[in-house]
Amino acid sequence: MKYICKTTEPENFRLWKNRNKGANWDDFSKTSEHGELRNRLIEEQQRMCCYCEVLIKLEDSHIEHLKPKGNPSYRKEMFLYENLLASCQFKDSCGVKKFGWYEPDMVSPLNENCSGRFTYTSDGSIIPSDKNDIWAEKTIEKLGLNCRRLRDRRMSIIRGLDNNGKGPDSAYLKAVIKEILEGKNSWSFGFYTVVIYLAAAYDIVMESEG
Ligand SMILES: [Zn+2]
């Protein structure tokens, strides 16, 4: 799970909210402002799903409410930009699987240290970095982050970058990480934290980190 640093909401979204006080999400979902907002969220996340980091596009994503819009306790946050993310549409994970679930203690992509709460194994499984971290465990379960599809996808990325166990090309790995850090979109496989995991496993250190 990659940390998402929220930027500012699109101006047209702000104006729409001002013009449509008391509107519900269904009204909003039919507007052009909704598409514009979704695009902004996808860009903000460097085209990666907020939970699983698979690459997403406008056509295969939805706007995800971290605090569920169907829960009366979070009604006020339905249109709050800080509560909105872009999720993939797969049924076995992420926003669709999470549905109405939310816990303040869950690991969220809006927690600055979220990526540090998880690590991977060479077969592509995601596990809590600390085996006693029950909320990391619960988050993996509730978001389906260890489903077969995601495990297989991560394993193939690890094997590809790792040259099937012969070890990664460290210059290439550094270049990929640098491009993602600079906000470039040339890396077309998503799963940024898997790339970081592999670099750490081989003690590949970015220059800026010393
Ligand atoms: Zn996802």
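Scroll up a little and you will see the structure.
These remarks concern the structure in this document. (Residues numbered from 1 in each chain as written. Predicted model: local features only at pLDDT ≥ 70, side-chain atom pairs only at ≥ 80, totals over all residues. Heavy atoms only, no water.)

Observations regarding the coordination of the zinc ion
At step 1: Here the zinc ion is held by Cys49 (SG), Cys52 (SG), Cys88 (SG) and Cys94 (SG), and the distances to it run 2.3 to 2.4 Å.
At step 2: Motif for the zinc ion, donor spacing along one chain: C-x2-C-x35-C-x5-C. One end of the pair, Cys52, is in the loop between helix H3 (32–44) and strand S1 (61–65); the other, Cys94, is in helix H4 (residues 94–98), and 42 residues separate them in sequence.
At step 3: Classification of Cys94 as buried rests on a relative accessible area of 0%. (Donors = N, O, S within 2.8 Å, 3.2 Å for Na, K, Ca; no water. Helix = DSSP H or I, 4+ residues; strand = E, 2+ residues; numbered from the N terminus. Buried < 20%, exposed > 50% of the residue type's maximum accessible area, 1.4 Å probe, protein only.)

Brief notes about the packing of aromatic side chains
At step 1: A full pass over the atoms with the stated rule returns nine aromatic pairs.
At step 2: Seen in terms of ring centroids, Trp25 and Phe79 are 5.2 Å apart; in terms of plane orientation they differ by 35 degrees. Their pairing is tilted. Here Trp25, found in helix H2 (residues 25–29), pairs with Phe79, found in the loop between S1 and strand S2 (84–88); they are 54 residues apart in sequence, far enough to count as distant.
At step 3: Relative to Tyr102, the ring of Tyr74 has its centre 5.3 Å away and its plane inclined at 85 degrees; by these criteria the two rings are edge-to-face. In this pair, Tyr74 is assigned in the loop between S1 and S2 and Tyr102 in the loop between H4 and strand S3 (118–120), connecting sequence segments 28 residues apart.
At step 4: Since its relative accessible area comes to 16%, Tyr74 is described here as buried.
At step 5: The rings of Phe13, Trp16, Trp25, Phe28 and Phe79 are connected pair by pair, giving a single aromatic cluster.
At step 6: In this structure, Lys6 packs its charged tip against the face of Tyr81, placed 4.1 Å from the ring centre. (Phe/Tyr/Trp six-rings, centres within 6.5 Å; stacked < 30°, edge-to-face > 60°. Lys NZ or Arg CZ within 6 Å of the ring centre and 35° of its normal.)

Remarks on the pattern of salt bridges
It is possible for side chains bearing opposite charge to pair when their charged atoms get close.
At step 1: Using the criterion set out here, one finds 12 salt bridges in the structure.
At step 2: As a salt-bridge pair, Asp60 and Lys57 come within 3.6 Å of each other at their nearest N and O atoms.
At step 3: On the accessibility criterion, Asp60 (29% relative accessible area) is partly exposed.
At step 4: Lys57 gets classed as partly exposed once you look at its relative accessible area, which sits at 47%.
At step 5: In this structure, Glu182 and Lys178 form a salt bridge, with 3.2 Å as the shortest nitrogen-oxygen distance.
At step 6: Through salt bridges with shared partners, a single ionic network connects Lys178, Glu182 and Lys184. (Salt bridge = Lys/Arg side-chain N within 4 Å of Asp/Glu carboxyl O.)

Re the pairing of S2
At step 1: Of all five residues in S2, five are buried; the element is thus mostly enclosed.
At step 2: Burial along S2 is two-sided: the residues Leu84, Ala86 and Cys88 and Leu85 and Ser87 are all buried.
At step 3: With five bridges joining them, S1 and S2 adopt antiparallel strand pairing. From the neighbouring strand, His62 faces S2, where its bridge partner is Ser87. (Pairing = 2+ DSSP bridges.)

What about helix H7 (residues 170–181)?
At step 1: Over its 12 residues, H7 extends 16 Å from the first C-alpha to the last, a length consistent with the 16 Å expected when each residue adds 1.5 Å.
At step 2: Taken together, the buried positions of H7 are occupied by Leu173, Val176, Ile177 and Ile180. Taken end-on, H7 shows its buried residues confined to a sector of 95 degrees, consistent with a single buried face.
At step 3: Elements that come into contact with the buried residues of H7 comprise helix H6 (148–161) and helix H8 (192–201).
At step 4: Immediately beyond the C-terminal end of H7, within one or two residues, lies Gly183, with a positive phi of roughly 80 degrees. (Expected span 1.5 Å × (residues − 1). Arc of directions from axis to C-beta. Contact = heavy atoms within 4.5 Å.)

Some details on the environment of Val194
At step 1: Following the sequence through the fold, Val194 ends up in helix H8.
At step 2: Separated by 40 residues in sequence, Val194 and Arg154 place their C-alpha atoms 7.1 Å apart.
At step 3: Filtering out sequence-adjacent residues up to four positions away, Val194 remains in contact with Tyr120, Arg154, Ile157 and Ile158.

Function cannot be read off these values alone, since they describe shape.
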